[in-house]
Amino acid sequence: MEYYPVYLNLSGKPCVVIGGNPDAECKVAGLLRAKAEVTVIGPEVTPGLAKLAKDGTICWRERPFRCDDLTSAYLVISTIADEVINRQVWDEGEANNAMVNVMDVIPYCNFIAPSILRQGDLTVAISTNGKAPALAVRLRQFLEKKLGHEYGRFLAMAGAIRSPLADKYPDLQTRRQLWYQLVDSDVLDLLKHGQDDQARRRFAEIMGVEPTI
């Protein structure tokens, strides 16, 4: 099967995680980062998930999965190994047109989750089409050594000048050429070595606009 890679806007969307194990805690962390409204279903959860529930950050249904738990779910992830329940999760999720991922059970998935690297606003998603998730993890770890904090810092500065740059250069083609000139310059190397002031000056020299952050 070929998957279509896409980034989802989950802000305010009801998402359900079934299970309270460390895998569930990891999935919940990613969903919360995306501003989703998260419900966890399971009789027991990790201390981290219990704290999130106590703080009101997530909703915890302290019981096993039941039919009709997914009526309004936009996205569903099951982290448990119970074949019977996972089949119920898949059937109900599909019936409600939800996105469903039963971990490590490809027939019960209509989407798969990539291994993700983040540096600020830089997000790199790596997938093996579900064939070897461990390879995706190793590739992410390799890239983490190559893509340092400077990329997140660069994007923060770039975001700060987008609006004034558009005001100064209304022509899209002109802006595109400037962006490539900036990316191909030494600005990332300057940021890598903590030379933020010099990087700002390079922004100003190339783009005609200096970031204020």
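Everything discussed here concerns the structure shown above.
What counts and how
Residues numbered from 1 in each chain as written. Predicted model: local features only at pLDDT ≥ 70, side-chain atom pairs only at ≥ 80, totals over all residues. Heavy atoms only, no water. Helix = DSSP H or I, 4+ residues; strand = E, 2+ residues; numbered from the N terminus. Rg over C-alpha atoms; globule rule 2.2 N^0.38 Å. Contact = heavy atoms within 4.5 Å. Areas by Shrake-Rupley, 256 points an atom, 1.4 Å probe, with all protein chains shown as cover. Lys, Arg positive; Asp, Glu negative; His and termini not counted. Charge placed at Lys NZ, Arg CZ, Asp CG, Glu CD. Axes fitted to C-alpha atoms, helices over the stretch in contact; angles between N-to-C directions. Parallel < 35°, antiparallel > 145°, perpendicular 65-115°, else oblique. Left-handed = near helix turned anticlockwise from the far one by under 90°. Nonpolar A, V, L, I, M, F, W, Y, C, P; charged D, E, K, R; others polar. Salt bridge = Lys/Arg side-chain N within 4 Å of Asp/Glu carboxyl O. Buried < 20%, exposed > 50% of the residue type's maximum accessible area, 1.4 Å probe, protein only. Pairing = 2+ DSSP bridges. Right-handed = clockwise from strand over helix to strand, strands pointing away. Phe/Tyr/Trp six-rings, centres within 6.5 Å; stacked < 30°, edge-to-face > 60°. Lys NZ or Arg CZ within 6 Å of the ring centre and 35° of its normal.

Asks: Looking at this structure, I do not really get the overall build of the protein chain. What am I missing?
Replies: In terms of helices and strands, the protein chain carries 8 helices and 7 strands. By the compact-globule yardstick of 17 Å for 213 residues, the protein chain is too spread out, its C-alpha radius of gyration being 21 Å. The long-range fraction of contacts in the protein chain, counting pairs at least 24 apart against all pairs at least 6 apart in sequence, stands at 52%. Looking at the protein chain as shown, the accessible area adds up to about 12600 Å², and 52% of this sits on carbon and sulfur atoms. Taking the average location of the 25 positive side-chain charges in the protein chain and that of its 27 negative ones, the two points are 4 Å from each other.

Asks: Please clarify how the packing of helix α1 (residues 22–33) against helix α2 (residues 47–54) should be interpreted in this entry.
Replies: Packed helix pairs are specified by the crossing angle of their axes together with the interaxial distance, meaning the distance between the axes. Contact pair α1 / α2: the axes reach a minimum separation of 9 Å and the direction vectors enclose 40°. As summarised for this structure, α1 and α2 are arranged oblique, according to the angle between their axes. Of the two elements, α1 crosses α2, and the hand of that crossing is left-handed. Residues A24, E25, V28 and L32 of α1 form the contact with α2, whose own contacting residues are G48, L49 and L52. Among the residues forming the contact of α1 with α2, the class breakdown is 5 nonpolar, 1 polar and 1 charged.

Asks: Would you mind showing me how to read the environment of K27 here?
Replies: Mapped onto the fold, K27 is located in helix α1. Sequence separation of K27 and I77 is 50 residues, and the distance between their C-alpha atoms is 7.9 Å. Not counting chain neighbours up to four residues away, the residues in contact with K27 comprise I77, T79, M103 and A113.

Asks: Got a minute to help me understand the pattern of salt bridges in this structure?
Replies: Any two side chains of opposite charge can pair, so long as their charged atoms come close to each other. Under the criterion given, the structure shown has 9 salt bridges. For the salt bridge of D91 with R87, the shortest nitrogen-to-oxygen distance reads 3.0 Å. Placement of both D91 and R87 in helix α3 (residues 83–95) is noted, with a separation of 4 residues, approximately one turn of the helix. Note on D91: relative accessible area 38%, which makes it partly exposed. Between E144 and R140 there is a salt bridge, with its nearest N and O atoms 3.3 Å apart. Here E144 pairs with R140, and both are found in helix α4 (residues 133–146), just 4 residues apart, close to one helical turn. On the accessibility criterion, E144 (38% relative accessible area) is partly exposed. Salt bridges sharing partners connect three or more residues here, namely R61, R63 and D69.

Asks: I tried to follow the sheet that holds strand β4 (residues 75–78) on my own but got confused; where do I start?
Replies: Neighbouring strands of a sheet are bound in pairs by backbone hydrogen bonds; such pairs are parallel or else antiparallel. The 5 strands lie next to each other as β3-β2-β1-β4-β5, forming an open sheet whose pairing is parallel. What marks the edges here is a single partner per strand, and that holds for β3 (59–61) and β5 (99–102). Between one strand axis and the next, the sheet turns through 15° on average, direction left out of account. Across 5 bridges, strand β1 (residues 14–18) lies against strand β2 (residues 37–41) in parallel orientation.

Asks: How should I be thinking about the pairing of β4 in this particular structure?
Replies: Side-chain positions along a regular strand alternate between the two faces of the sheet. The two faces of β4 match: L75 and I77 on one face and V76 and S78 on the other face are all buried. Bridge analysis of β1 against β4 gives 4 bridges, and the strand direction is parallel. Counted as the bridge partner of V17 is I77 from β4. Examined bridge by bridge, β4 and β5 share 4 bridges and lie parallel to one another. Opposite L75, over in β5, you have M99 as the bridge partner. The parallel pair β4 and β5 is bridged by α3, and the resulting crossover is right-handed.

Asks: I would appreciate a short explanation of the environment of D196 in the present structure.
Replies: Residue placement: D196 occurs in helix α8 (residues 196–207). With 14 residues separating them along the chain, D196 and E210 place their C-alpha atoms 12 Å apart.

Asks: Explain the packing of aromatic side chains here, please?
Replies: Aromatic ring pairs are defined here through the distance separating the ring centres and the angle between the ring planes. One pass over the structure, following the stated rule, counts 2 aromatic pairs. Centroid distance W90 to Y108: 6.3 Å. Interplanar angle 15°. Geometry classified as stacked. Taken together, the residues span a long stretch of sequence, with W90 in helix α3 and Y108 in the loop between β5 and β6 (115–119) at a distance of 18 residues. The two residues W90 and Y108 agree in class, both being buried. Ring plane angle 45° and centroid distance 5.6 Å describe the contact between F154 and F203, whose orientation is recorded as tilted. Placement of F154 in helix α5 (residues 149–168) and of F203 in helix α8 is noted, with a sequence separation of 49 residues between them. F203 carries the same exposure label as F154, and that label is buried. The lysine or arginine in question, K13, covers the ring of Y74, its NZ or CZ lying 5.3 Å from the ring centre.

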